[in-house]
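The chain contents come next:
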Amino acid sequence: MKQADVDVRIDMFERLPVPFGLVRLGVAPDHQAVKRVVNIYGKVAAAPGFRFFGNVALGRDLQVEDLERCYDQVIYAFGCSKSSRLGLPGEELAGVHGAAEMVGWYNGHPDCQGERYELDKVERVVVIGNGNVALDVSRVLLQQPDRLASTDISARALDELRQSSVQRVTMLGRRGPAQAAYSAKELEEIDEVDEVQLMVTPEEAALDPQSAAWLEEHGSRGKQRSVRFLHACADRDADDQGRKFHCRFLLSPVAFLGEERVEAVRVEHMEIYADESGALRSRPTGKTEDVPCEMVLLSVGYRGDPIPGVPYDARNGSVPNIDGRVLHDRGGDVRVGHYAVGWSKRGPSGIIGTNMADSRATVKMMVEDRAAGRSLSPSPSDDVAELLAERGVEVVSWADWDRLDAWERAEGEKRGKLREKLETVPEMMRVIGELRRAAAGE
Ligand code: NAP
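Residues numbered from 1 in each chain as written. Predicted model: local features only at pLDDT ≥ 70, side-chain atom pairs only at ≥ 80, totals over all residues. Heavy atoms only, no water.

1. A word on the pattern of salt bridges
Rules: The term salt bridge refers to a pairing of a side-chain nitrogen on Lys or Arg with a carboxyl oxygen on Asp or Glu at a separation within 4 Å. Put simply, DSSP marks the helices as runs of H or I at least four residues long and the strands as runs of E at least two long, and each gets a number from the N terminus on. To sort residues, take the accessible area from a 1.4 Å probe on protein chains only and compare it with the maximum for the residue type: under 20% means buried, over 50% means exposed, and anything in between is partly exposed.
Applying the stated criterion across every chain, the model contains 50 salt bridges. Here aspartate 369 ties to arginine 325 by a salt bridge, and the two come within 2.7 Å at their closest N and O atoms. Note that aspartate 369 is positioned in helix α13 (residues 352-371) and arginine 325 in strand β16 (residues 325-327), a separation of 44 residues in sequence. Each member of the pair, aspartate 369 as well as arginine 325, carries the same accessibility label: buried.

2. Some thoughts on the domain arrangement of the protein
Our working definition: Each domain's limits were defined by an automated method or a database of domain assignments. Residues are treated as being in contact if the distance between any of their heavy atoms lies within 4.5 Å. When two parts are brought into contact, each loses some accessible area as probed by a 1.4 Å sphere; the total of that loss over both is the buried area. Lys, Arg, Asp and Glu make up the charged group, whereas Ala, Val, Leu, Ile, Met, Phe, Trp, Tyr, Cys and Pro make up the nonpolar group; the residues left over, Gly among them, are polar.
With domains assigned, the protein is organised as domain 1 (10-80 + 305-439) and domain 2 (82-302). Each partner contributes to the interface: domain 1 provides 27 residues, whereas domain 2 provides 25 residues. Note on domain 1 versus domain 2: buried area summed over both sides is about 2100 Å², and carbon and sulfur give 50% of it. Our enumeration of links across domain 1 and domain 2 arrives at six salt bridges. Ionic pairing is found between aspartate 152 and lysine 421, a salt bridge with its closest N-O pair at 3.6 Å. Counting only elements with at least two residues in the side of domain 1 that touches domain 2, the list comes to α1 (21-25), α2 (32-35) and α16 (425-439). Its residues assigned to classes, the side of domain 1 that touches domain 2 shows twelve nonpolar, five polar and ten charged.

3. So, the site of the ligand
The criterion, for reference: Note on terminology: near, applied to a residue and a molecule or strand, indicates that one of the residue's heavy atoms is within 4 Å of it. Whenever two N or O atoms come within 3.5 Å, that pair is a polar contact, provided that in protein one can donate a hydrogen and the other can accept it, and provided that, for residues adjacent in sequence, both atoms are side-chain atoms. Only the protein chains shown count as cover for residues, and the accessible areas themselves come from Shrake-Rupley with a 1.4 Å probe.
In the vicinity of the ligand, 20 residues are found, and the nearest of them are Asn130, Asn132, Arg174, Arg175 and Gly350. Within the side chain of arginine 174, a nitrogen or oxygen atom sits 2.8 Å from an oxygen atom of the ligand. Burial of the ligand by the surrounding chains reaches 76%, relative to a free accessible area of 910 Å². When residues in the shell around the ligand are grouped by element, the largest group, three residues, is from helix α6 (residues 132-142). Grouping the constituent residues of the shell around the ligand by class yields eight nonpolar, eight polar and four charged. Three or more residues apiece are contributed to the shell around the ligand by two domains, here domain 1 (10-80 + 305-439) and domain 2 (82-302).

Next up, the structure:
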């Protein structure tokens, strides 16, 4: 919409009745500063030429062929929303969950309201993987629920967190501290939470010679900072009180043990080695250990589900593309007029800022292609709003969202919270209908 010499009109389709995807449903409730990015999105939505079509799912209400009949260019920005699984023995046991689904649960995601954690029966949690999502779920589980009570956290999740018996979260990395996937700031943040102490043994905080040399020569400032921080934590004594966050390294899961409910994670001890390209990887040493727990969270990355008619790369759940230009299939030809951004473009890595930069790069391709006449050929008589009306789809507009937004904030205020989210699609549609009728004076 910032292009000076092109008259851009944008229709945005969202499967849920509410906008903002990751920011509403993925960013942790105690990271409200990050959520402020919606103020920018709100300005875009208010600009002339922008229309929001909420409650419209591609592949269900609308097909890719419909988009090709209505638009010059199509952008896929649906990301990756489910936890990757490991496929290990015992993964089906009660108490083994995906971290992404827990994130959705405490954020009130309609897809995750069926999750049951029974936190009153859980004292020890093992989180597999040590990225920022692992830290988010650990922090939410360990901190006092009262500190989350004034945020936009799901009311049901808050109730369950108040019943929680969790005392210890152990986060397992299959590589060492120099290769950990988390950011230094997020690691330090968990130790700053009142009554939570980060624990690491001096042995596991120590770097092997190859990692130490790599960190010195190639490690970013962030990596060096997180390793220094771990070393400082390793040198201190445990408090008698409070909940503990154990950072463990060079441990890779091989099985989940238990009868019906998980009772332990069997892990293999690993060692660092350099592969042919020089990359530092880990390999088993042959030694195993059982880490007891009542709950496991798999935080080993995300995967995206395929959407009918949209090319799909099963390796990471992205849409196959070159620099944002979508391909018919991986290694195939460019599918003219189709583009990808964000996790749909790159797979599930990178923060909101990463996506801004790479969205700009995709838009550059779109502008170039349009100037060169490489676009779709929509029919001037086809309008998507008419098409959806003919199919009986109940579309949610931005005006509907504005009213629901105000309603959720007001409901939150009554309870001393920033917002009380509606957590199911039928509830959202019911309240949107009521607010619509009230606005029309009915
Ligand atoms: P991630 O950063 O890619 O971390 C995945 C973790 O899973 C890594 O530790 C990885 O270890 C481990 N892993 C993968 N496969 C495994 C296996 N088979 N066995 C054992 N461990 C395995 O993913 P994420 O935490 O889901 O985060 C996704 C993106 O969102 C990241 O870019 C993250 O920074 C971003 N994010 C940012 C924030 C924030 O800024 N506050 C919050 C949430 C998410 P290896 O490294 O050895 O592969």
